[in-house]
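# Coordinates in review
In case you want the letters, here they are:
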Amino acid sequence: MAVKKLPVAKAINESLRTALEADPKVVVMGEDVGKLGGVFRVTDGLQKDFGDDRVIDTPLAESGIIGTAIGLALRGYRPVAEIQFDGFVFPAYDQIVTQLAKMYARSLGKIKVPVVIRIPYGGGIGAVEHHSESPEALFAHVAGLKVVSPSNSSDAYWMLQQAIQSDDPVIFFEPKRRYWEKGEVNTDAIPDPLHKASVAREGTDATLVAYGPMVRTCLEAAAAAAEEGKSLEVVDLRSISPIDFDTVQASAEKTGRLIVVHEAPVFFGAGAEIAARITERSFYHLEAPVLRVGGFHSPYPPARVEEDYLPGLDRVLDAVDRSLAY
Amino acid sequence: MTVESTAARTPRRASSGGKRTSASAKSAGASAKKSASAKKPAKDAGAGAQPELVQLLTPEGERVESPEYDKYVADVTPEDLRVLYRDMVMTRRFDAEAVTLQRQGELGLWPSLLGQEAAQVGSGRATREDDYVFPTYREHGVAWCRGVDPTLLLGMFRGVNNGGWDPNSNNFHLYTIVIGSQTLHATGYAMGIAKDGADSAVVAYLGDGATSQGDVAEAFTFAAVYNSPVVFFCQNNQWAISEPTEKQSRVPLYQRAQGYGFPGVRVDGNDVLACLAVSKWALERARTGEGPSLVEAFTYRMGAHTTSDDPSRYRRDEEREAWEAKDPIKRLRAYLEAEGHADEAFFAELDAESETLGKRVREVVRSMPDPEPMSIFENIYADGHALVDEERAEFAAYQASFADAPADAATGGEVK
Ligand SMILES: Cc1ncc(C[n+]2csc(CCOP(=O)(O)OP(=O)(O)O)c2C)c(N)n1
C-alpha cells in the first residue's frame, strides 16, 4: 500500500504528475505554471520532467487560456488549465459559460470538451483584493459544468484524477488556505466517486455540511462542541455540482438539524440550494429550519478584517446553538 | 446630456498649457552633445534585429541628440532636472521602505518599482493637472508625481482597505490588480473628455504581460475607433511574474499599435529625459485631437515581481547585473554632475530628505489602525440595500453577544 503524508498542494502536484504520465493527451497550462511551478508551487517540477509541450506557460490571458483549452479538447487533448487566483477567472468567464458549458449539448452529444479548470479559491491568507474570492455558485448555476472542491490531501489527489478522466468540463476549486495542511494519501486506494459526499465525522445532535476550506473549520467546531457535550455530524460535500443530496438528506434526517457552512456570501449561495432541497425532501424530519453560515453580501473585505468576514468556530457554533434552540 | 453630445462634435482646443506646468518649465538646460542615438538600436531588446529606442541620456549620463524628440524637452531647466532627480530618489526611497515594512510584517505584500523610476517619473511629470491617470498596482512613482501622499498607497497592501484614496483628488485612479482592466476605463474616460470638447488627456499604464489580455486589445480598438485622447504607457520590465516578454509577443510591443492604426514608440525606460519627451509627444497628440498612442518604455524590474515572488527560479543574476549598469538614477546624476547642475550639497540634502520620508512612511504605516469589523458593511451601495442593512444588524448583535465584560456593558455593550 502506498500511503504518503502530503500537503494538499503537493497532493495536487502528484495527481497532475500521475495524470501526465498516464495519458499523453493530458496537458497542463496556465500563467507561470512552468518554470516557476505556479505561484503556489502546485505545478512545481512538472515542466522540468514533462517538457514545455505538456506543461505550458501561457500568455497572460485568461480568456485565451480557456478558449484554447477548449480548442485543444476538441482536438482530443485533456487540458488542465490553471487560473492563478479566483478573482482572475472572470476574463475567462465568457468562454467558460457561453462556450465550454454548452458545447456538448449544442453538438447533440457528438463532441466532448474534457477541460479541467483548477482555481485556487477562498480567503484566509491575508491577500489583497481579487485573491480571496469564492465564486463557486456562479459556476454551479451554469448547466453543463461540474464543480468540485476537495478539502484534504487524499481528495485533492483523487478528485483531480477523476476530474481529468471525466468527459465533462470540471471546475476544480482548490482551497488555497489549506494548501499547506498535510494529510494521508493512499495512491492505491479505490476512491469514492467524484460527486459523492462523505461523512467526515459522525454525530447525533446536528449536521454541519461544508466543502473545501470550511470542512476543517467544521471539524474543529464539532470537536469544540463535543467538549460541551454536543454531538455534531460533519458532511464534506466534495461536489458542488452535482450535489449528493442523498448523503446530506440521510444525515439531516438522522440529526434533525442542518447547518450549511461556506465562505461564499450566503445570499444566492450554495447554501440556499441545499436548504431548499433538504427542506423539500425532509420537512417532517427537521427539528429546526436549515441554517446557513457564510460570507456577507459585501465585497471580500481587506485582509485585516477578513477574520470577521469568514465563518470561524464561533459563528458556526452560534448557528448550532440557534438550531438547537428550536 | 445634449450639451455633452454637442460638445463631442466640437474640435478640441489645441494645447494651450494646463493649470500646472510640469517639470519641464522654461529654457533649455540640456546641451545636446552627441548625435542622434535616437536611431541607435537597443542592445538588449528581445531576440533578433533590435528595434529603435528613443534615448536622450546614455547609461553613462551623456546627452545625445534626437532630432524628433529634443523639442519636447527643449524647455527643461537645470531646476527641472533636479526635480526629476529628486522624484526618482524619493520614489526609490519610498519603495525601499515599503519592501522593508513588508519584510517586517507591516505590509501583506508589496510590488516594488525598483528600476522603473525613470519610466514612471518621466511619464508622470509629462502629465498636466487636468489629465487623468489609470495605474496598475506598481505606479508608485507616477502617484508621487501626481501629488498623491505615498502613505495612502500602502493601505491596500497592509490590508486595511481595498483602495485608499480619492481618485478625483489628484486625477489618479485607484490601483487596478486585474490585469488590463484599467486600459478600458482609461479609454472610456478619454472618450468622455473628447465628448466634452476638453483638451485634457489620459494615461493608461500597463505591463508587458498585460498586452496579452483581451481587455487591452479591446481598449486599443476603442481608442483607435473613437480617436480618443489616451496614451497607453506600457512599462516593458521584461517579465510578467516568471514569464519573459517573448511569452506574450513575437513582435516588439510598440509595433502592436500599428495594427490598430495609431503610432507606437519604444523609449529607453531608464532614461527619464527620454521618457519625459516621448510622453509629452504622446500627450500633445492626444490634446490636439490626433488620438491614441502606445509608448513602450523598455526597462527592467530589478526586484521580485512582488515580495511573494522568488525571481531566482526563473531568471539569472547576470541579467539583473547587466541592467544595473543602466540605472536611471545614476544616469541622471552623472549628467547633473557633468553639467554642474547639482552640487554635493544638493545630493546631501536630498539624502536627508529621503530619510525623512522613509521615517514618516514607517511611522504612518505602523500606526494605521485595523478597520472596525462593522466597516465590512460600509460603502457597498450608494443608495443602500435592505439585505446589507439586515446583515449589518445581525452581525452587530452577534458581535455584541461577546461583550459581556462589565467595561463593555458600561459603554452599552459596544463592540471593539
Ligand atoms: C487577469 C489577471 N490574471 C492574473 C493576474 C495575476 N498577476 C498579477 S501581476 C501578473 C503579471 C503582470 O505582468 P505585467 O503585465 O508585465 O506587469 P508587471 O507586473 O511586470 O508590471 C500576474 C500574472 C492578475 N492580477 N490579473
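Since the structure is predicted, the reported quantities are computational estimates derived from the model, not experimental observations.

## Quick notes on the overall build of chain A
Within chain A, the secondary structure is distributed over 12 helices and 14 strands. Its C-alpha atoms give chain A a radius of gyration of 19 Å, near enough to 20 Å, the size a compact globule of 326 residues would have. Counting the 326 residues in chain A, one finds 59% classified as buried. A separation of at least 24 residues holds for 81% of the contacts in chain A among residues at least 6 apart in sequence. Across chain A, 34 positive and 45 negative side-chain charges occur, with their mean positions spaced 4 Å apart.

## Section: the overall build of chain B
Along its length, chain B carries 15 helices and 7 strands. The buried share of chain B, reckoned over its 416 residues, is 55%. Put simply, of all contacts in chain B between residues at least 6 apart along the chain, 75% involve residues at least 24 apart. Total accessible area computed for chain B in this model is approximately 17300 Å², and 52% of it derives from carbon and sulfur atoms.

## Re the pattern of salt bridges
The final tally for this structure, using the stated rule, is 48 salt bridges over all chains. The partner of Asp168(A) in a salt bridge is Lys146(A), with the nearest N and O atoms 2.8 Å apart. Here Lys146(A) lies in strand 6 (residues 146–148) and Asp168(A) lies in the loop between helix 7 (153–165) and strand 7 (170–175), a separation of 22 residues in the sequence. The shortest N-O distance in the salt bridge between Glu79(B) and Arg82(B) comes to 3.0 Å. Taken as a pair, Glu79(B) and Arg82(B) lie in helix 2 (residues 78–103) at a separation of 3 residues, close to a single helical turn. Judged by its relative accessible area of 43%, Glu79(B) is partly exposed.

## Thoughts on the UniProt feature "domain: Transketolase-like pyrimidine-binding" (unreviewed entry) in chain A
On the UniProt side, "domain: Transketolase-like pyrimidine-binding" (unreviewed entry) is annotated at positions that read residues 6–181 of chain A here. The span residues 6–181 of chain A is 38% helix and 17% strand, and its two end C-alpha atoms sit 8 Å from each other.

## What to know about the interface of chain A and chain B
Each partner contributes to the interface: chain A provides 38 residues, whereas chain B provides 43 residues. In total, about 3400 Å² of surface goes out of reach between chain A and chain B, with carbon and sulfur atoms giving 60% of it. Across the chain A-chain B interface, the total number found is 2 salt bridges. In this structure, Asp44(A) and Arg313(B) form a salt bridge, with 2.5 Å as the shortest nitrogen-oxygen distance. Linking chain A to chain B there are 16 residue pairs in polar contact (both at pLDDT 80 or more). Broken down by element, the residue count for the side of chain A that touches chain B peaks at 3 residues, all from helix 12 (residues 313–324) of chain A. For the side of chain A that touches chain B, a count of residues per class yields 17 nonpolar, 8 polar and 13 charged.

## Quick word on the UniProt feature "domain: Dehydrogenase E1 component" (unreviewed entry) in chain B
Per the UniProt entry, the sites bearing "domain: Dehydrogenase E1 component" (unreviewed entry) are residues 86–365 of chain B in this numbering. Helix makes up 48% of residues 86–365 of chain B and strand makes up 11%, while its end C-alpha atoms are separated by 23 Å.

## Brief notes about the site of the ligand
Among the 20 residues in the neighbourhood of the ligand, the closest are listed as Glu62(A), Tyr137(B), Arg138(B), Ile177(B) and Gly209(B). Lying at an intersection of chains, the ligand is approached by residues of chains A and B. Within the side chain of Asn237(B), one N or O atom sits 2.9 Å away from an oxygen atom of the ligand. Contact with the protein chains hides 95% of the accessible area of the ligand, taken as 580 Å² for the molecule alone. Counted by class, the shell around the ligand contains 10 nonpolar, 6 polar and 4 charged residues.

## Comments concerning the nonpolar core
Judged by nonpolar contacts, the single largest core of 150 residues is most densely connected at Ile96(A), Ile274(A) and Leu332(B). Per element, the largest residue contribution to this core is 11 residues, and it comes from helix 10 (residues 272–287) of chain B. Apart from residues no more than four positions distant in its own chain, Ile96(A) is found in contact with Ile66(A), Val89(A), Ala101(A), Ile117(A), Phe139(A), Leu145(A) and Ile171(A). In terms of nonpolar packing, the next biggest core, distinct from the first, is built from 20 residues, Leu206(B), Leu253(B), Ala257(B) and Leu294(B) among them.

## Observations concerning the domain arrangement of chain A
Residue and element names in this part refer to chain A. We note that the domain assignment places domain 1 (4–185) and domain 2 (198–325) within chain A. With centres defined by C-alpha atoms, the gap from domain 1 to domain 2 works out at 26 Å. Counting residues at the interface gives 26 residues for domain 1 and 22 residues for domain 2. Summed over both sides, the interface of domain 1 with domain 2 buries roughly 1800 Å², with 49% coming from carbon and sulfur. Of all residues in domain 1, the largest losses of buried area upon contact with domain 2 belong to Glu136, Arg177 and Arg178, amounting jointly to 23% of the total for that side. Connecting domain 1 to domain 2 are 3 salt bridges. Between arginine 238 and aspartate 155 there is a salt bridge, with the nearest N and O atoms lying 2.9 Å from each other.

## Digging into the sheet that holds strand 14 (residues 291–295) of chain A
Within a sheet, adjacent strands bond to each other through the backbone by hydrogen bonds, running parallel or antiparallel. Residue and element names in this part refer to chain A. An order of 9-11-10-13-14 is seen for the 5 strands of this open sheet, with the pairing classed as mixed. This sheet does not close on itself; its edge strands, each paired only once, are strand 9 (198–201) and strand 14. Put simply, the sheet's adjacent strands are angled 25° from each other on average, direction ignored. Direction of pairing for strand 9 relative to strand 11 (residues 232–236): antiparallel, over a ladder of 3 bridges. Its bridge partner lying in strand 11, arginine 201 is registered against valine 234. On top of the sheet, helix 9 (residues 245–255) reaches strand 9, strand 10 (206–210), strand 11 and strand 13 (258–265); it is set at about 175° to strand 11, its chief contact. Packing of helix 10 (residues 270–282) onto the sheet brings it into contact with strand 10, strand 13 and strand 14, and relative to strand 13 it is tilted by some 160°.

## Re helix 7 (residues 181–196) of chain B
Residues and elements named next belong to chain B. Under the 1.5 Å per step criterion, the end-to-end length of helix 7 is 23 Å for 16 residues, consistent within 8% with the ideal 22 Å. By the burial criterion, the buried members of helix 7 are Ser181, Gln182, Thr183, Ala186, Thr187, Ala190, Ile193 and Ala194. At the C-terminal side of helix 7, glycine 197 shows a positive phi close to 75°.

## Some remarks on the sheet that holds strand 6 of chain A
All names here are of chain A. One open sheet accounts for 7 strands, arranged 3-2-4-5-7-6-12; its pairing is mixed. Two strands in the sheet have a free side with no partner beyond their single neighbour: strand 3 (55–57) and strand 12 (239–241). Taken over all neighbouring pairs, the strand axes of this sheet differ in orientation by 20° on average, direction set aside. Relative to strand 5 (residues 116–121), strand 4 (residues 78–82) runs parallel, the two sharing 3 bridges. What sits directly across from valine 80, in strand 5, is valine 116. Packed onto the sheet, helix 7 meets strand 2 (26–30), strand 4, strand 5, strand 6 and strand 7 and runs at close to 165° relative to strand 7.

## Some thoughts on helix 12 (residues 328–339) of chain B
Residues and elements named next belong to chain B. An ideal rise of 1.5 Å per residue puts 16 Å on 12 residues; helix 12 measures up with 17 Å between its terminal C-alpha atoms. Every buried residue of helix 12 is accounted for by Pro328, Ile329, Arg331, Leu332, Tyr335 and Leu336. The buried residues of helix 12 all sit within an arc of 165° when viewed along its axis, so they share a single face. Turned more than 90 degrees off the buried face of helix 12, the exposed positions are Lys330 and Ala338. Buried residues along helix 12 sit in contact with helix 2, helix 3 (117–126), strand 6 (264–268), helix 10 and helix 13 (344–366).

Calculation rules
- Residues numbered from 1 in each chain as written.
- Chains lettered and ligands numbered in written order.
- Predicted model: local features only at pLDDT ≥ 70, side-chain atom pairs only at ≥ 80, totals over all residues.
- Heavy atoms only, no water.
- Helix = DSSP H or I, 4+ residues; strand = E, 2+ residues; numbered from the N terminus.
- Rg over C-alpha atoms; globule rule 2.2 N^0.38 Å.
- Buried < 20%, exposed > 50% of the residue type's maximum accessible area, 1.4 Å probe, protein only.
- Contact = heavy atoms within 4.5 Å.
- Lys, Arg positive; Asp, Glu negative; His and termini not counted.
- Charge placed at Lys NZ, Arg CZ, Asp CG, Glu CD.
- Areas by Shrake-Rupley, 256 points an atom, 1.4 Å probe, with all protein chains shown as cover.
- Salt bridge = Lys/Arg side-chain N within 4 Å of Asp/Glu carboxyl O.
- UniProt positions renumbered as here; feature names shortened; annotations may be inferred.
- Buried area = accessible area lost by both parts, 1.4 Å probe.
- Polar contact = N/O pair within 3.5 Å; in protein donor to acceptor, adjacent residues only side chain to side chain.
- Nonpolar A, V, L, I, M, F, W, Y, C, P; charged D, E, K, R; others polar.
- Near = heavy atom within 4 Å.
- Core = buried A, V, L, I, M, F, W, Y, C linked by side-chain atoms within 4.5 Å.
- Domains from an automatic or database assignment.
- Pairing = 2+ DSSP bridges.
- Axes fitted to C-alpha atoms, helices over the stretch in contact; angles between N-to-C directions.
- Expected span 1.5 Å × (residues − 1).
- Arc of directions from axis to C-beta.

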